[in-house]
Amino acid sequence: MGREQDRQAQASLFEQPPPQAPALPPGMVYQPDFLSAGEERLLLALIEGWPLEAMRYKAYTARRRVLSFGGKYDFDANRLREGLPIPAQLQPLRAKVAGWLGLAPQEFTQVLVAQYSAGTPLGWHRDVPDFEDVVGVSLLGEAVLRFRPWPHQVGKRAEVLKLAVAPRSIYLLRGAARWAWQHSVAPTGALRYSVTFRTAGRRA
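Residues numbered from 1 in each chain as written. Predicted model: local features only at pLDDT ≥ 70, side-chain atom pairs only at ≥ 80, totals over all residues. Heavy atoms only, no water.

Hey, could you go over helix H3 (residues 91-101) for me, with residue numbers and the actual values?
What H3 keeps buried is the set Leu-93, Arg-94, Val-97, Ala-98 and Leu-101. Mapping the buried residues of H3 onto a view down its axis gives an arc of 135 degrees, with all of them on the same face. Turned more than 90 degrees from where H3 packs its buried face, Pro-92 and Gly-99 sit exposed. Residues of H3 that are buried in the fold lie against helix H2 (37-47), strand E6 (108-116), strand E8 (131-139), strand E11 (170-173) and strand E13 (192-200). Of the residues flanking the end of H3, it is Gly-102, one or two places downstream, whose phi is positive at about 75 degrees. (Buried < 20%, exposed > 50% of the residue type's maximum accessible area, 1.4 Å probe, protein only. Helix = DSSP H or I, 4+ residues; strand = E, 2+ residues; numbered from the N terminus. Arc of directions from axis to C-beta. Contact = heavy atoms within 4.5 Å.)

What follows is the structure, encoded as structure tokens:
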């Protein structure tokens, strides 16, 4: 009996507690392995042939390179302008994302493809109010998303939640996660792409 107790005690030293899901802002949903490796390869081959350009925010030019479809936000005029039509090659992904949420594909009216070279960050922000739901699909490299309540008080330390976003994963920002929290991307460790789908805004 003593030997059995010793064996159980030794075994317990090597037992690992089950991993806990990271804390997420209310209204956010995250799912790894949304895409297969084959689906990711096809998307990367497609995107790498597109003419992505450095993102501009008024007088600031960001390091990430982007291409917008279905609408392009003009940060100088603070308005959404007409963009290139969503290409047929993105329709299968658009339909898969819509099915994940139980929406019709056409509800996603805008798509933003972005490239993050190694070391590229994305500063604190909320997406512009012309859009409602925000859905991101990650490709190739990992990213760390950071979240803090909004409005943020300058000089006051805010609660920051962090989520490691894996390649081929998907996330949704809806409700409080969309409107009551800001998000940012820590400088990336390696080349990464993202494809962000947005539905039309329901509020001004």
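From this point, things continue past the structure.
Go over the pairing of E11, please, and point to the residues and values.
Neither face of E11 is open: one carries Ile-170 and Leu-172, the other Tyr-171 and Leu-173, and all of them are buried. Strand direction decides the pairing type here: strand E1 (residues 28-31) and E11, joined by 4 bridges, are antiparallel. Bridging across to E11, Met-28 finds its partner in Leu-173. Here E8 pairs with E11 via 4 bridges, running antiparallel. Bridge pairing in E11 places Val-134 opposite Leu-173. (Pairing = 2+ DSSP bridges.)

Before we move on, could you go through the pattern of salt bridges and cite the residues and values that matter?
Per the counting criterion, the structure on display carries 4 salt bridges. Among the ionic pairs, Glu-39 bridges to Lys-96, the shortest N-O distance being 3.0 Å. One end of the pair, Glu-39, is in helix H2; the other, Lys-96, is in helix H3, with 57 residues separating them in the sequence. Under the relative-accessibility criterion, Lys-96 is labelled partly exposed at 30%. (Salt bridge = Lys/Arg side-chain N within 4 Å of Asp/Glu carboxyl O.)

So what's going on with the sheet that holds strand E7 (residues 122-125)? Residues and values would help.
Pairing within the open sheet is antiparallel, and its 4 strands lie in the order E7-E12-E9-E10. The sheet is open, and its two borders are formed by E7 and strand E10 (161-165), each paired with just one other strand. Across the sheet, the axes of successive neighbouring strands diverge by a mean angle of 15 degrees, strand direction being ignored. (Axes fitted to C-alpha atoms, helices over the stretch in contact; angles between N-to-C directions.)

Which residues make up the nonpolar core, and what are the values?
Counting residues in hydrophobic clusters, the biggest one holds 27 residues, and the most contacted among them are Trp-50, Leu-90, Val-97 and Leu-139. Counting residues per element, the ones that place at least two in this core are H2, strand E3 (60-69), H3, E6, E8, E11 and E13. Once you skip the residues sitting within four places of it in the chain, Trp-50 turns out to touch Leu-67, Phe-69, Pro-87, Leu-90 and Val-113. Among the nonpolar cores identified, the runner-up in size contains 20 residues, and Ala-114, Leu-122, Tyr-171 and Ala-177 belong to it. (Core = buried A, V, L, I, M, F, W, Y, C linked by side-chain atoms within 4.5 Å.)

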